[in-house]
Amino acid sequence: MTLSDDRPMSAEWNYHPSLPLADPSIFRWPPDPGSVPRWFIKNWLTFSERVMMVAVAVALWAFAYPPLEAARDFAFGWVFQVWAVNMAVMIAVAEGGLHWYFYMRKAQGKQLKFDHRDQARDSRLWTFSNQVHDNIFWTLTSGIGVLTGYQALILWAMANGWAPVVTFAENPVWFLLALILLPIWSAFHFYWVHRFLHMPFMYRRFHALQHRNVNIGPWSGIAMHPVEHLLYHSTLLIHFVVPLHPIHLAFGVIYNGPGAAMTHTGYENLLIRDKRRLALGTFYHQLHHRYFKCNYGNQEMPRDCWFGTFHDGTEAATRQIRARKK
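Now for a description of the structure that goes with this document. Residue numbers run consecutively from 1 along every chain, following the written order of its sequence. pLDDT decides what is reported in this predicted model: residues at 70 or higher carry local features, side-chain atom pairs at 80 or more are listed and counted, and totals for whole chains, interfaces and linings draw on all residues regardless. Each side-chain value is derived from all of the structure's non-hydrogen atoms; neither hydrogens nor water enter the calculation.

**Overview of the overall build of the protein**
A run of DSSP states H or I qualifies as a helix once it reaches four residues; a run of E qualifies as a strand once it reaches two. Both are numbered from the N-terminal end. Along the backbone of the protein there are 12 helices and 2 strands. Along the protein, helices and strands appear, N-terminal first, in the series α-α-α-α-α-α-α-α-α-β-β-α-α-α. What you see for the protein is a C-alpha radius of gyration of 20 Å, in line with the 20 Å of a compact globule of 326 residues. Overall, the protein is about 55 × 50 × 45 Å in size when its C-alpha atoms are taken along their principal axes. The size measure is the radius of gyration over C-alpha atoms, and the globule rule it meets is 2.2 Å times the number of residues to the 0.38 power.

**Concerning the packing of aromatic side chains**
Stacked, tilted and edge-to-face are the three classes applied to pairs of Phe, Tyr and Trp rings, where Trp contributes its six-membered ring and a pair requires centres within 6.5 Å; stacked means planes under 30 degrees apart, edge-to-face means over 60, and tilted covers the rest. All chains considered together, the criterion is met by 22 aromatic pairs. Both rings, one in F114 and one in F283, keep their centres 5.6 Å apart while their planes meet at 45°; by these two values the pair is tilted. Here F114 is found in the loop between α3 (76-104) and α4 (131-159), whereas its partner F283 is found in helix α10 (residues 283-291), with 169 residues between them in sequence. The residues F114 and F283 share a single accessibility class, namely buried. Ring centres of F168 and F175 lie 5.6 Å apart, and the angle between their planes is 90°; this geometry places the pair in the edge-to-face category. Every member of this aromatic cluster is reached through a ring pair, and the members are W13, Y15, F114 and F283. Its end group placed over the ring of Y296, R195 keeps NZ or CZ at 4.3 Å from the ring centre. Over a ring means this: the NZ of a Lys or the CZ of an Arg is within 6 Å of the ring centre and within 35 degrees of the ring normal. Across the ring face of W13, the terminal group of R290 is positioned such that the distance to the ring centre comes to 3.9 Å. For every residue, the accessible area obtained with a 1.4 Å probe (protein chains only) is divided by the maximum for its type, and the residue is called buried under 20%, exposed over 50%, and partly exposed between those limits.

**Examining the pairing of strand β1 (residues 269-272)**
Two elements, β1 and strand β2 (residues 275-279), share 4 bridges in a ladder whose sense is antiparallel. Considered in β2, the bridge of L271 is made with R276. Here β1 folds back onto β2 in antiparallel fashion, the turn holding 2 residues, of which R273 has a positive phi close to 55°. Strand pairing is assigned whenever DSSP detects at least two bridges linking the two strands.

**Focus: the environment of Q108**
Mapped onto the secondary structure, Q108 falls in the loop between α3 and α4. A residue is classified by how much of its surface remains accessible, and Q108, at 4% relative accessible area, is buried. Measuring from C-alpha to C-alpha, the distance between Q108 and D73 comes to 48 Å, with 35 residues separating the pair along the chain. The term polar contact refers here to a pair of N or O atoms within 3.5 Å; inside protein, the definition further demands a hydrogen-donor-capable atom paired with an acceptor-capable atom, and it admits residues adjacent in sequence only when both atoms are side-chain atoms. Polar contacts involving the side chain of Q108 include one to the main-chain amide nitrogen of L271, which spans 2.9 Å.

**Concerning empty space enclosed by the protein**
Points on a 1 Å grid, built from protein atoms alone, make a cavity when a 1.4 Å probe fits but cannot get out and make a pocket when they are open with protein on both sides within 12 Å along at least 5 of 7 lines; residues with an atom within 4 Å of a point are the lining residues. Grid points are joined across faces, edges and corners, and a volume is the space filled by probe spheres set on the points. Summed over all chains, the structure comprises 5 cavities of 30 Å³ or more. Reported here for the largest cavity is a volume of approximately 90 Å³. Contributing elements (two or more residues each) for the lining of the largest cavity: α5 (172-197) and α8 (246-256). Considering every element that reaches the lining of the largest cavity, the biggest residue donor is α8, with 5 residues. For this classification, the nonpolar set comprises Ala, Val, Leu, Ile, Met, Phe, Trp, Tyr, Cys and Pro, the charged set comprises Asp, Glu, Lys and Arg, and every other residue, Gly included, is treated as polar. Grouping the amino acids of the lining of the largest cavity by side-chain chemistry returns 7 nonpolar, 6 polar and no charged.

**As for the layout of surface pockets**
Considering only enclosed or pocket space, the second largest pocket measures out at about 270 Å³ in volume. Around the second largest pocket sit 18 residues that line it, and M52, V93, L98, M262 and L278 are the ones nearest its centre. Every element with two or more residues in the lining of the second largest pocket is listed here: α2 (49-63), α3 and α9 (258-263). In terms of residue count, α3 provides more of the lining of the second largest pocket than any other element does, 7 residues in total.

**Quick notes on the nonpolar core**
Membership of the largest hydrophobic core comes to 65 residues, with the highest contact counts inside it found for Y65, M90, F102, L155 and F251. Elements supplying a minimum of two residues to this core: α1 (35-44), α2, α3, α4, α5, α8 and α9. It is α4 that contributes the most residues to this core, 12 residues altogether. Every residue pair with non-hydrogen atoms within 4.5 Å of one another is taken to be in contact. If near-sequence neighbours (up to four positions away) are discounted, F102 is found in contact with Q108, T265, Y267, L270 and L280. Counting residues in hydrophobic clusters, the runner-up holds 12 residues, among them W13, Y15, L112 and Y284. In these notes, a set of buried Ala, Val, Leu, Ile, Met, Phe, Trp, Tyr and Cys residues joined through side-chain atoms within 4.5 Å is what counts as a nonpolar core.

**With respect to the packing of α4 against α8**
Interhelical geometry of α4 versus α8 gives an angle of 170° and a closest axis separation of 11 Å. When the interaxial angle is binned, α4 and α8 end up roughly antiparallel. Within the contact between the two elements, α4 uses L147, Q151, I154, L155 and M158 and α8 uses P246, L249 and V253. Taken together, the residues of the contact of α4 with α8 break down into 7 nonpolar, 1 polar and no charged. Angles run from 0 to 180 degrees between N-to-C directions of axes, and those axes are lines fitted to C-alpha atoms, restricted for helices to the stretch in contact. Under this scheme an angle from 65 to 115 degrees is roughly perpendicular, one under 35 degrees roughly parallel, and one over 145 degrees roughly antiparallel; angles in between are oblique.

Shape is all these values report; function is a separate question.
Take a look at the structure:
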């Protein structure tokens, strides 16, 4: 299928990358020394989503979030400012950018879209009988609320010496290295939280809400139960242990909030003039939303390969997953 061709690749998928999926992790075994520089170049020396998020984090800390001095005492004003900024960024990315471009304007048609279907409507499965409205509700209420709560708590702790702070001037090497390592920490945290949420007790009561999104879209990234938000966003608590800066905190907030909208776009890449310009979703995680008991982590860490839950996208892997579910 060419990039200008809207025809589906198969009865099951509108589009998928070449199969079987490989293990792209820099931690895979046996080691591949060449994978580390390739991974670094792809994520940090090109126009990638991570570079964009760091740039936005720096801009927000410089011009939008309150200064650290304002957070010494809990006050409605600065906490509301943090919440308002997070709301504005989430709406701008998920609705004003991704949902509008891919699902309202349909600017890319179904090119590089994994699932055949559009977002669901007129179904009692969803709050308000509408998948997008359901996802917006959970994202903008407890999603942004819990994310802002963690951020405000950490800013207050930083301002009062309860959380260690490092500046670029004090340690520029660690400052930059921490930006590279934080997504790896997030991948480690996400895998174990995600496995915990798939335990029957947790899944039925909390995680099932997120898994209504078999066919994902930008608003489904953090459309979760409040209990899941508390667990998912707890990745930010690393700031109580490791010396970091409010810019790192802003990066983590964007990575776990609006960043999830990008990875759940439902499309693999943004096309401009039939050229891939920005990596978005991954078929790896799309398979988890379709089959549930596989690909619990992401491609940063190879834990699914280690623990036998890796789905490589092939029919043989699908049969194994379905047998496991039975």
